[in-house]
Amino acid sequence: MKRIGVIIPSITDGLQVELLDGIFKTASAADCDVIVLTTATNGMEFHIQNEIMTGEESIYLLLERAELDGILLVSQYFDKATVRKTLSELIRRAAIPCIDLGGTKLGFETVSIPQAEAVCELTDHIIEKHGCRDLIFLAGPEGISDSEQRISGFLRSANVHDCSYEIIYGDFWKFRANELGNEFIEHKRRLPDAVLCASDTMAVALCDTLQSGGISVPDDVIVTGYDGHISAISNFPSITTVSGNMFELGKTGVNKLLGIATDAQRSDMHIIYGASCGCVERMKDYQTAALKVREQIQRDAEIGAMLEMRVNANVITRTSSVDSLDELTDIVDQTAHIIKSYKSLHICLLPNWDSDPEHPDACPTQPFPEQMLCALSKNAWTAGVKGGPFPTKHIVPALMGEHEPTLVFVLSLHTSSQVFGYCGFTYESALDFTVSLLLFNYMTSLANGMRILRHKLYAEYLQKIEESSHYDKMTDMLSKKGLLLYLESQKELNVRNCIMLVTVSQLAAAPNRKKKMICQISTCSPIFCLQTRYDLYRDEIKRQHILIK
């Protein structure tokens, strides 16, 4: 079975989930696993690279060990150019075929999806159904492929219908949309019949600005969007928009990577009609939008319920007081039910995670080893199994034997920049996964438990060093420190003992002969009362120069 790797930062947006849904449904139909390497945060360019980011981004080092047949790099979602550069270097070093879904700036192959047709169909609807003749198209940045494709679809329809129009370049974000709305409100620009936006974010921002200034949507001006984002569907008024774009991108990327020929005319993109163009009478489409909003609310409610369960389970407190790795994995086994909708989980540790007790906060700098230690494998609602070493190239043990196409999300297990390994979560559907506060806290609790175990190992190591200093290594006799501690303990116990002091005057060794020790018995009296003559013993020990470690 082939494996496709997906590299994407923190999955917190519905469009990212839609993209992964398109990837996995297409890949599973082609009998492929999908392994998603991701993080819990996505640093901005102006953020200083801190230890937490370093720890999270260590997961991408798996590219040097993972057995992958291809990679889909979702570069458009990485906010930091330095991370994109690091990823491109890792992919080239691993020599794995790569498709960059975010364009060609990093030098990889890319894919293009037919966006013009959907925008043309949407523009036809605005003109033919609602009689709009004076149009504005609020595009994305000039020269960007997605923006130019959407412009071309708009122009095709506007020119066929002989409409007057204006192209305004924006940013796919709120800023230019807010500016445009204020220009209409302040009468700096004539209000058209309709404004078609190249993204839902711009459409929602424009509607909000217009309505705050007393301009009604759709009575005074029609507004449409593009993306099918939940923010547009749940807006008031709900935005008429093009949906399925990211699903189509994911599907096309997989087909390109696997060399599967597809029907260019068949697309999963479609229009969702909302109230922003006045199509509230199209109840079937409006019902679709309402159902999506209800599903999102239900998902949010479930997350809230899970958070309450996490509080009741008190995972953080429990993992902070563990004394062994077995105890820690038992806690995970007992509390994993608080993670929403997962199919199975796998805790994969560095085999040498506990091998350096002298440096409990050491941060490994080398790539992942050829073998990892599976501390726990667990299917949902069943008891977990503690495993052993397995080849890192398989990512998680579940991918080693015969299995159905599997979707795995892999995140780094770390505290700050100290990496202990990673966790792999499998899901039935990409729609079931998101980097929630719940999952973030759960993994942080687990990593914190690992850190505490490291420090307890360090304390045990110091204790052994301390105990070894009580005896001389060569003679196995009590050192001065050991003898004094012994005498003090006996005094505290009110024990009356006899003691013989021995001075080693010579220690000789010859080849092929047993070591020979010449001892001289101290001239001091061998019997004293410990309670009354303790200080005398201490002085005598100093005088006789008993060996001290």
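Below or above, wherever it landed, is the structure these notes cover. Keep in mind the model is a prediction, meaning the values are calculated, not measured. (Residues numbered from 1 in each chain as written. Predicted model: local features only at pLDDT ≥ 70, side-chain atom pairs only at ≥ 80, totals over all residues. Heavy atoms only, no water.)

## Examining the layout of surface pockets
Item 1. What the largest pocket holds in volume is close to 1,700 Å³.
Item 2. Lining the largest pocket are 48 residues, and of these Q76, Y77, I144, D146 and F172 sit closest to its centre.
Item 3. When contributions to the lining of the largest pocket are tallied by element, the ones reaching two or more residues are α1 (14-29), α5 (145-160), α7 (200-212) and α9 (245-258).
Item 4. Looking at which element gives the most residues to the lining of the largest pocket, the answer is α7, with five residues.
Item 5. Residues belonging to the lining of the largest pocket are distributed by class as follows: 16 nonpolar, 20 polar and twelve charged.
Item 6. Quantified by volume, the second largest pocket comes out at close to 880 Å³.
Item 7. What lines the second largest pocket is a set of 32 residues, among which G14, V17, Q296, R299 and L431 lie closest to the centre.
Item 8. Elements with a contribution of two residues or more to the lining of the second largest pocket: α1, α8 (230-233), α10 (283-313) and α13 (437-468).
Item 9. Top element by residues in the lining of the second largest pocket is α10. It accounts for six residues.
Item 10. Class assignment for the residues of the lining of the second largest pocket results in twelve nonpolar, ten polar and ten charged. (1 Å grid on protein atoms, 1.4 Å probe; cavity = no way out; pocket = protein on both sides within 12 Å on 5 of 7 lines; lining within 4 Å. Points joined across faces, edges and corners; volume = space filled by probe spheres on them. Helix = DSSP H or I, 4+ residues; strand = E, 2+ residues; numbered from the N terminus. Nonpolar A, V, L, I, M, F, W, Y, C, P; charged D, E, K, R; others polar.)

## Things to note about the pairing of strand β5 (residues 134-139)
Item 1. A large share of β5 lies buried, amounting to six of its six residues.
Item 2. Burial of β5 is two-sided: the residues D134, I136 and L138 facing one way and the residues L135, F137 and A139 facing the other way are all buried.
Item 3. Pairing between β5 and strand β6 (residues 164-169): six bridges, direction parallel. Its bridge partner lying in β6, D134 is registered against S164.
Item 4. Handedness of the β-α-β unit built from β5, α5 and β6 comes out right-handed. (Buried < 20%, exposed > 50% of the residue type's maximum accessible area, 1.4 Å probe, protein only. Pairing = 2+ DSSP bridges. Right-handed = clockwise from strand over helix to strand, strands pointing away.)

## As for the sheet that holds strand β13 (residues 389-391)
Paired through backbone hydrogen bonds, the strands of a sheet run either parallel or antiparallel to each other.
Item 1. Sheet architecture is open: nine strands sit in the order β4-β3-β1-β2-β14-β15-β11-β12-β13, paired in mixed fashion. Only two strands of the sheet have a single partner each, and these edge strands are β4 (98-100) and β13. Taken over all neighbouring pairs, the strand axes of this sheet differ in orientation by 30 degrees on average, direction set aside.
Item 2. Judged from the four bridges that link them, strand β1 (residues 2-7) and strand β3 (residues 70-73) form a sheet pairing that is parallel. Looking across to β3, one finds that I7 is bridged to L73.
Item 3. Across the face of the sheet, α9 comes into contact with β1, β2 (32-37), β3 and β4 while running at roughly 150 degrees to β3.
Item 4. Along the sheet, helix α12 (residues 325-335) makes contact with β11 (344-349) and β12 (371-379), crossing β12 at roughly 35 degrees. (Axes fitted to C-alpha atoms, helices over the stretch in contact; angles between N-to-C directions. Contact = heavy atoms within 4.5 Å.)

## A look at the pattern of salt bridges
Item 1. Tallied over the full model, the rule gives 20 salt bridges.
Item 2. With a shortest N-O distance of 3.8 Å, R65 and E370 are connected by a salt bridge. Residue R65 is found in the loop between α2 (51-57) and β3, and its partner E370 is found in the loop between β11 and β12; the two are separated by 305 residues along the sequence.
Item 3. Under the relative-accessibility criterion, R65 is labelled partly exposed at 32%.
Item 4. Using a relative accessible area of 59% as the deciding quantity, one classes E370 as exposed.
Item 5. When the shortest N-O distance is used, the salt bridge between E428 and K343 registers 3.9 Å. Linking E428 in the loop between β15 (418-427) and α13 with K343 in the loop between α12 and β11, this pair joins segments that are 85 residues apart in sequence. (Salt bridge = Lys/Arg side-chain N within 4 Å of Asp/Glu carboxyl O.)

## Some words on the sheet that holds strand β7 (residues 194-197)
Item 1. Judged by pairing direction, the sheet is parallel, and its four strands sit side by side in the order β6-β5-β7-β8 without closing on themselves. A strand with exactly one partner marks an edge of an open sheet, and here the two such strands are β6 and β8 (222-224). The average angle at which neighbouring strand axes cross in this sheet is 15 degrees, direction not considered.
Item 2. Judged from the four bridges that link them, β5 and β7 form a sheet pairing that is parallel. Paired with F137 across the bridge in β7 is L196.
Item 3. Contacting β5, β6 and β7, helix α6 (residues 174-185) crosses the sheet at an angle of about 150 degrees to β5.

## A word on the packing of α1 against α9
Item 1. For the pair α1 and α9, interaxial distance at closest approach is 7 Å and the crossing angle is 35 degrees. The crossing of α1 and α9 is right-handed. Along the contact surface, α1 presents L15, E18, L19, D21, G22, I23, K25, T26 and A27, while α9 presents N245, M246, F247, L249, G250, K251, V254 and N255.
Item 2. Counted by class, the contact of α1 with α9 contains eight nonpolar, five polar and four charged residues. (Left-handed = near helix turned anticlockwise from the far one by under 90°.)

## Structural notes on the environment of C132
Item 1. Among the structural elements, C132 can be located in the loop between α4 (116-130) and β5.
Item 2. A residue is classified by how much of its surface remains accessible, and C132, at 4% relative accessible area, is buried.
Item 3. Measuring from C-alpha to C-alpha, the distance between C132 and I222 comes to 8.6 Å, with 90 residues separating the pair along the chain.
Item 4. Excluding anything up to four places from it in sequence, C132 contacts I126, I127, C163, D193, A194 and I222.

## Thoughts on the pairing of β2
Regular strands place their side chains on alternate faces of the sheet.
Item 1. Taken across its six residues, β2 has six buried, putting it largely inside the fold.
Item 2. Residue alternation in β2 divides its side chains into two sets, C32, V34 and V36 and D33, I35 and L37, and both sets are buried.
Item 3. As paired strands, β1 and β2 are joined by six bridges and run parallel to one another. Bridge pairing in β2 links I4 to V34.

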